[in-house]
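Overview (structure and organization)
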Amino acid sequence: MARIIGSVGMSHVPTIGVAYDKQKWDNPAWAPLFRGAKPAFDWLEQKKPDVLVILYNDHLNAFFYDLYPTFSIGAAPQHDVADEGAGRRPLPMLPGHTEFATHLAEQLVADEFDMAVFHDRPLDHGVFSPLPLLWPHEGGWPGKVVPIMVNVVRYPLPTPMRCFKLGQALRRAIHSYPEDLTVAIIGTGGLSHQIHGERTGYNDTDWDDRFLELIEKDPMQLASMKLVDYVRLGGAEGAEVIMWLAMRGALSDDLKLVHKSNYLATTTNMATMVLEENNVHVPSSGEIRHGNPQTVGIEDIEGTYPFDIPTGVDKVRINRFFWNMRLPEARAEFSADEQAACEAAGLTAEETRMVRERDWIGLVRYGTNFFVLEKFARLVGETNLEVYAEMRGETFDEFMATRRVPDAR
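In this report, the structure presented in the accompanying data block is examined. (Residues numbered from 1 in each chain as written. Predicted model: local features only at pLDDT ≥ 70, side-chain atom pairs only at ≥ 80, totals over all residues. Heavy atoms only, no water.)

**Here we look at the overall build of the protein chain**
When its secondary structure is counted, the protein chain shows 19 helices and 10 strands. Per-residue burial over the protein chain gives 49% buried out of 409 residues. Contacts spanning at least 24 positions in sequence make up 76% of the contacts within the protein chain whose residues lie at least 6 apart. Per element, the accessible surface of the protein chain, about 18,900 Å² overall, is 51% carbon and sulfur. Measuring between centres, the 40 positive side-chain charges of the protein chain sit 3 Å from its 58 negative side-chain charges. (Helix = DSSP H or I, 4+ residues; strand = E, 2+ residues; numbered from the N terminus. Buried < 20%, exposed > 50% of the residue type's maximum accessible area, 1.4 Å probe, protein only. Contact = heavy atoms within 4.5 Å. Areas by Shrake-Rupley, 256 points an atom, 1.4 Å probe, with all protein chains shown as cover. Lys, Arg positive; Asp, Glu negative; His and termini not counted. Charge placed at Lys NZ, Arg CZ, Asp CG, Glu CD.)

**A short note on the nonpolar core**
Of all hydrophobic cores here, the largest spans 60 residues; its most connected members are Val53, Phe100, Ile174, Phe211, Tyr230 and Trp244. Examining the composition of this core, we find that seven residues originate from one element, helix α6 (residues 160-175), more than from any other. Beyond its immediate chain neighbours, meaning those up to four positions away, isoleucine 174 contacts Ala2, Ile4, Val53, Phe100, Leu104, Val183 and Ile185. Phe34, Ala37, Tyr68 and Leu91 belong to the second largest nonpolar core, which has 38 residues in total. (Core = buried A, V, L, I, M, F, W, Y, C linked by side-chain atoms within 4.5 Å.)

**Quick notes on the side chain of glutamate 382**
Tracing the backbone shows glutamate 382 in the loop between α17 (370-379) and α18 (384-391). Buried within the structure, glutamate 382 lacks any salt-bridge partner; arginine 358 is the closest side chain of opposite charge, at an N-O distance of 5.7 Å. If we skip the residues at most four places from it in the chain, glutamate 382 touches Arg358, Trp360, Ala377, Val387 and Glu390. (Salt bridge = Lys/Arg side-chain N within 4 Å of Asp/Glu carboxyl O.)

**Quick word on the side chain of threonine 352**
Structurally, the position occupied by threonine 352 is in helix α15 (residues 349-357). Every residue in contact with threonine 352, bar those within four places of it in the chain, is listed here: Gln339, Cys342 and Leu347.

**Details of the packing of α6 against helix α10 (residues 242-249)**
Contact geometry of α6 with α10 gives a least axis separation of 6 Å together with a crossing angle of 30°. Taken together, the axes of α6 and α10 are roughly parallel relative to one another. Here α6 runs over α10; the crossing is right-handed. Contacts between α6 and α10 pair Pro160, Cys163, Phe164, Leu166, Gly167, Gln168 and Arg171 from the former with Ile242, Leu245, Ala246, Arg248 and Gly249 from the latter. (Axes fitted to C-alpha atoms, helices over the stretch in contact; angles between N-to-C directions. Parallel < 35°, antiparallel > 145°, perpendicular 65-115°, else oblique. Left-handed = near helix turned anticlockwise from the far one by under 90°.)

**Topic: helix α12 (residues 316-323)**
Within α12, burial applies to Ile318, Asn319, Phe321 and Phe322. Axial view of α12: buried residues confined to an arc of 155°, hence all on one face. (Arc of directions from axis to C-beta.)

**Some words on the pairing of strand β7 (residues 144-150)**
Most of β7 sits out of view: six of its seven residues are buried. Bridge count for strand β2 (residues 51-56) against β7 is six bridges, and the pairing is parallel. Note on β7: the bridge partner recorded for leucine 52 is valine 145. Across three bridges, strand β3 (residues 71-74) lies against β7 in antiparallel orientation. When the bridges of β7 are listed, phenylalanine 71 appears paired with valine 150. (Pairing = 2+ DSSP bridges.)

Below is the structure:
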């Protein structure tokens with residue numbers, strides 16, 4: 001059973017990563033920041049959580065405005081470091097936890113939080129700015145992460161109260177996981193700063209101190225505020241501290257403040273806070289939930305193959321192969337040499353066989369989503385109706401004879 005041991009709140013300023021990579025730990029300008037982070041590092045080293053659930057925002061490095069979800073959870077088996085324009089930082093790949101992330105997504109959606117799911121996008125400084133200061137990573141990270149991306153970039157943003165309620169739902173979802181895991185919640189962002197317009201460089205350290213006190217002692221006061229209040233008090237980009245509210249919502253009210261610090265050097269007041277559960281909640285058997293409660297029994301429906309998160313993660317290569325058939329160049333490459341196109345996509349021998357034999361039902365059973373498969377069907381000259389018939393093991397005429405209007409071809 002999964003248990004939440006506490007949380008770390010920490011700023012994710014990109015210059016922290018620059019200073020870290022340049023080993024400016026003892027530089028007078030940066031030493032206060034690194035000293036302030038060390039107690040959080042020590043706390044995590046002592047507690048040794050199996051998983052960090054990290055609440056962060058993407059800074060238009062993995063997502064763009066054409067599709068920027070309000071809440072999205074990462075389910076990859078490992079997460080890469082986003083190149084933000086200056087090259088990839090020298091950090092190891094970050095292990096994910098697909099099974100745990102899948103469970104959280106299922107339970108959050110069942111709890112009416114409409115989570116997007118990603119598993120093939122890198123994580124930017126929203127995660128990798130604070131993380132090296134919190135976890136040792138020489139030769140690999142000591143545990144796994146489940147990243148939860150929150151939109152604090154493009155309005156409409158989720159309300160402060162919605163973020164707090166997300167944290168509460170996250171707590172329920174974590175406690176319902178049936179396997180033994182210890183979990184720490186990481187909230188990132190802020191504190192006060194604004195980095196656009198004539199107000200660039202704005203800070204209010206009095207507000208920052210007040211925010212840190214309230215996040216510990218009275219988070220509902222913060223949750224009840226409006227986003228405009230956060231912008232007015234902490235700057236436009238400082239409103240991203242609503243992600244700390246999601247972190248705080250995942251905790252109980254029986255907490256111990258282990259550490260708190262903040263340091264303003266340039267444009268962002270950089271903070272670190274550690275909150276520890278005084279009595280770690282051990283979930284009862286009644287709290288445990290297995291799988292998606294909306295689909296219990298779906299596996300018993302004959303001839304039906306639901307496409308879920310683990311399937312999408314595990315079979316991403318062949319699904320992308322078919323998805324790419326919407327592109328003229330991919331269609332031309334396949335038409336010119338089927339075997340070479342399959343090899344270029346990294347398909348296995350069995351995957352290649354199914355592609356070349358047009359084994360529609362085999363591909364569906366294997367984990368291919370029909371809505372990418374139909375793009376391939378168009379390329380090879382088969383209609384959806386013809387594919388339907390072949391999946392059922394019937395001739396086209398036999399299948400059409402079962403339709404209400406057999407001549408609707």
